[in-house]
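Here is what each chain is made of, one letter per residue.
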Amino acid sequence: MNKTGYIAARLLQIVPTFILIGLVVFVLTRLLPGDPVSAMLGDRATDEAVNRLRAQMGFDRSIWTQFLLFLERAVTGDFGSSIAYRVPVTRLIAERLPVTLTLTGLATIFALLMAVPLALVAALNANRWPDYVIRVVFQVGLSSPIFYVGLVLLTVLAAWLRIFPVGGFGETMLDHLWHLFLPAITLALSFAAVIMRNLRASLMEVLEAEFVEFARAKGLPRQIVLMRHVLRNALITTVTLVGLHIGALLGGAVITESVFAVPGVGRLMVDSIFARDYPVIQALTLVLAVIVSVVFLVTDLIQMTLDPRVTR
Amino acid sequence: MSARLTEPVLRVDNLGVRFDTPRGAVNAVSGVSLTVGAGEVLGLVGESGSGKSVTLRALMRLLRRNATASGRVIWRGEDLLAAPERRLREVRGREIAMIFQEPMTALNPVLTIAQQIDESLVAHRNLDERARRARAVELLDLVGIPSASVRLDNYPHEFSGGMRQRAMIAIALAAEPSLLLADEPTTALDVTIQDQILKLLLGLVADLGMAMILVTHDLGVVAETCDRVCVMYAGRVVESGPVSAVFASPRHAYTHALLRSMPSGEAARQPLTPIQGQPPRLDRPIVGCAFAPRCAFVMDACRAATPPLMLVGEGREAACLAADRLAALETVA
Ligand SMILES: Nc1ncnc2c1ncn2[C@@H]1O[C@H](COP(=O)(O)OP(=O)(O)OP(=O)(O)O)[C@@H](O)[C@H]1O
Ligand SMILES: [Mg+2]
């Protein structure tokens with residue numbers, strides 16, 4: 001299969017994923033305790049008003065009709081209006097999503113910047129002191145819960161030293177990066193620890209490979225042996241892990257964004273769940289599912305580029 | 001295949017390689033001395049674990065981090081064991097090249113053959129991209145890969161075993177080395193392919209005026225391809241000399257036993273008798289001749305001290321106290 005065919009096939013795979021997640025989301029939101037209409041109108045609403053709103057939101061139709069309607073709208077990007085904010089869900093998400101994506105992107109970049117060079121140093125000095133130091137530090141990073149590390153960083157760097165803001169997102173691009181720096185570093189620490197461990201192990205495996213010895217026997221410069229032969233082969237397995245972890249980060253945005261008061265979709269999700277804001281919950285879940293699918297697709301494409309054996 | 005040559009290009013003097021392992025030191029190679037003349041093919045034989053691969057790697061200083069090499073490796077008058085890393089990178093690939101047993105693992109799976117040839121040319125030759133490509137096509141032609149310009153852009157997994165080994169040879173020869181170190185280049189291949197690859201190597205040695213050290217288990221291969229042979233046992237060279245002379249009348253009890261255990265080939269006149277017992281462990285000091293516990297000719301003196309290599313004929317050396325008895329034996333038979 002060639003690359004274009006592969007991409008097309010993978011993009012098509014997103015469609016059943018989308019429908020399935022849509023179904024799950026739809027069913028789950030209906031299973032949540034409490035009735036959204038009475039939640040919206042309050043306890044003292046008249047029956048008449050409640051029924052009117054029910055009809056308006058389509059709650060009086062059969063559950064299947066509701067689901068198909070929901071899917072149909074979702075495909076066209078129409079998720080209806082938020083019950084709590086009374087604005088179109090699409091607009092609400094469009095405002096919040098860039099924050100979450102920037103945060104996730106920053107965290108990924110920070111994590112890779114930490115993990116890749118340090119994994120190389122650790123693997124090249126396997127079982128000597130630089131390796132031990134790096135491994136111990138990352139072990140601590142890995143075993144500390146995100147919210148705890150986050151709170152410590154917030155307290156010290158933001159509240160005491162006032163180097164960084166305590167929350168929010170800021171106005172300009174630079175301001176955004178500034179506001180997201182601490183949360184991104186927090187996320188990056190455990191992310192980097194996971195990648196470092198995996199990459200160190202696969203680097204050590206590749207370093208033993210005969211083709212690396214062959215590359216040395218050819219008299220290639222050290223950095224070419226390291227980058228083209230060792231690192232590239234070692235990254236093949238790590239790339240998958242990076243993709244999976246980005247997916248997990250997006251899912252975990254709920255926690256991070258709450259700790260750091262970041263106005264992203266994670267916070268929006270928490271608020272919407274408490275408010276039983278069904279349209280927002282459904283739309284968010286679907287959007288995140290699609291984004292995660294795309295991340296996995298990109299991961300696979302990078303892996304394909306690194307490893308020609310994958311598709312041939 | 002003329003063995004009479006002038007000054008050797010490579011002279012190994014008292015080479016030793018020790019590995020430091022968590023369970024103690026392993027003396028994988030001790031006191032190995034050998035020479036290779038220009039255009040000469042030297043066979044290096046011995047049982048598994050006798051130190052053949054370690055010796056080859058030590059010549060190019062390609063040993064693992066836990067290894068310490070001692071002695072001297074004089075390449076065209078220069079001691080490679082003392083040379084700076086930069087100089088070694090010039091020697092590797094350009095002057096001395098190495099090929100391995102298993103091309104599937106020795107070739108980088110994610111780079112095309114073209115890329116793997118090209119990086120060698122970039123490192124050692126001052127050619128532009130076009131000229132490098134032309135040279136790469138030429139190399140695949142040289143090693144007998146059909147439709148070279150197409151196959152060049154294939155990845156190793158797209159080749160058959162024999163073709164892969166040819167590709168590895170092409171990559172190793174990219175910068176026209178004058179010595180090729182071949183570590184069991186045919187062991188992983190089918191018998192018919194083995195023959196083809198050996199013929200190819202011999203042809204290349206003759207055409208390019210290259211010397212070669214051929215490591216192998218197979219005495220038949222040595223008989224067919226090598227000018228001289230070094231027999232290794234437990235990290236030492238126990239016998240060396242011209243192939244025809246050594247095979248006709250071995251002067252070390254181990255060589256003798258090895259020849260008798262040989263399954264096929266022209267030197268297999270006697271019935272097959274595998275050598276009983278195991279080679280010694282290398283992580284303990286060995287007192288006396290390492291082969292003594294398995295030797296049919298053993299004497300008390302063999303266990304007292306390691307027998308030194310002694311001249312046992314024209315260009316022949318053996319480290320065996322039974323050399324005379326073996327010589328007599330062979331003439332009788
Ligand atoms: N990195 C290492 N650390 C410790 N010991 C090693 C290391 N590499 C090789 N050895 C030891 O050195 C000895 C010689 O190994 P070598 O690979 O040279 O044998 P060989 O003659 O090539 O055998 P084979 O025919 O199986 O390839 C073996 O006992 C092996 O265990
Ligand atoms: Mg070997």
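One structure accompanies this document, and this report is about it. (Residues numbered from 1 in each chain as written. Chains lettered and ligands numbered in written order. Predicted model: local features only at pLDDT ≥ 70, side-chain atom pairs only at ≥ 80, totals over all residues. Heavy atoms only, no water.)

This next bit is on the overall build of chain B. Along its length, chain B carries 13 helices and 12 strands. A compact globule built from 333 residues would reach a C-alpha radius of gyration of about 20 Å, and chain B, at 20 Å, matches this within 12%. Based on the C-alpha atoms only, the size of chain B along its principal axes is roughly 65 × 40 × 40 Å. Expressed as a percentage of the 333 residues in chain B, the buried residues total 53%. Sequence-distant contacts in chain B: of pairs separated by 6 or more residues, those separated by 24 or more amount to 64%. A total of about 14400 Å² of accessible surface is found on chain B, and carbon and sulfur atoms cover 52% of it. Distance between charge centroids for chain B: 5 Å, based on 36 positive and 36 negative side chains. (Helix = DSSP H or I, 4+ residues; strand = E, 2+ residues; numbered from the N terminus. Rg over C-alpha atoms; globule rule 2.2 N^0.38 Å. Buried < 20%, exposed > 50% of the residue type's maximum accessible area, 1.4 Å probe, protein only. Contact = heavy atoms within 4.5 Å. Areas by Shrake-Rupley, 256 points an atom, 1.4 Å probe, with all protein chains shown as cover. Lys, Arg positive; Asp, Glu negative; His and termini not counted. Charge placed at Lys NZ, Arg CZ, Asp CG, Glu CD.)

Moving on, we come to the pairing of strand β4 (residues 67–75) of chain B. Residue and element names in this part refer to chain B. Note: strand β1 (residues 8–21) against β4, eight bridges, orientation antiparallel. Looking at β4, one finds that Phe19 is bridged to Ala67. In the sheet, β4 pairs with strand β5 (residues 78–79) via two bridges, with the strands oriented antiparallel. If you follow Trp75 over to β5, its bridge partner there is Glu78. The antiparallel hairpin formed by β4 and β5 contains two residues in its connecting segment, where Arg76 sits at a positive phi of about 50°. (Pairing = 2+ DSSP bridges.)

Here we come to the pattern of salt bridges. All names here are of chain B. Considering all chains together, one arrives at 26 salt bridges over all chains under this definition. A salt bridge links Arg57 to Asp183; the shortest N-O distance between them is 3.1 Å. Note that Arg57 is positioned in helix α1 (residues 52–59) and Asp183 in strand β7 (residues 179–183), a separation of 126 residues in sequence. Between Asp118 and Arg132 there is a salt bridge, and its shortest N-O distance comes to 2.8 Å. Taken together, the residues span a long stretch of sequence, with Asp118 in helix α4 (residues 113–124) and Arg132 in helix α5 (residues 129–142) at a distance of 14 residues. What makes Arg132 buried here is its relative accessible area of 14%. (Salt bridge = Lys/Arg side-chain N within 4 Å of Asp/Glu carboxyl O.)

Here we come to the environment of Thr105(B). Assignment of secondary structure puts Thr105(B) in helix α3 (residues 103–106). Owing to a relative accessible area of 37%, Thr105(B) belongs among the partly exposed residues under this scheme. In the structure, Thr105(B) is positioned 200 residues away from Ala305(B) in sequence and 41 Å away in space, judged by C-alpha atoms. Not counting the four nearest positions on each side in its chain, Thr105(B) is found in contact with Glu210(A) and Phe211(A). For Thr105(B), the side chain forms a polar contact with the side chain of Glu210(A), separated by 3.1 Å. (Polar contact = N/O pair within 3.5 Å; in protein donor to acceptor, adjacent residues only side chain to side chain.)

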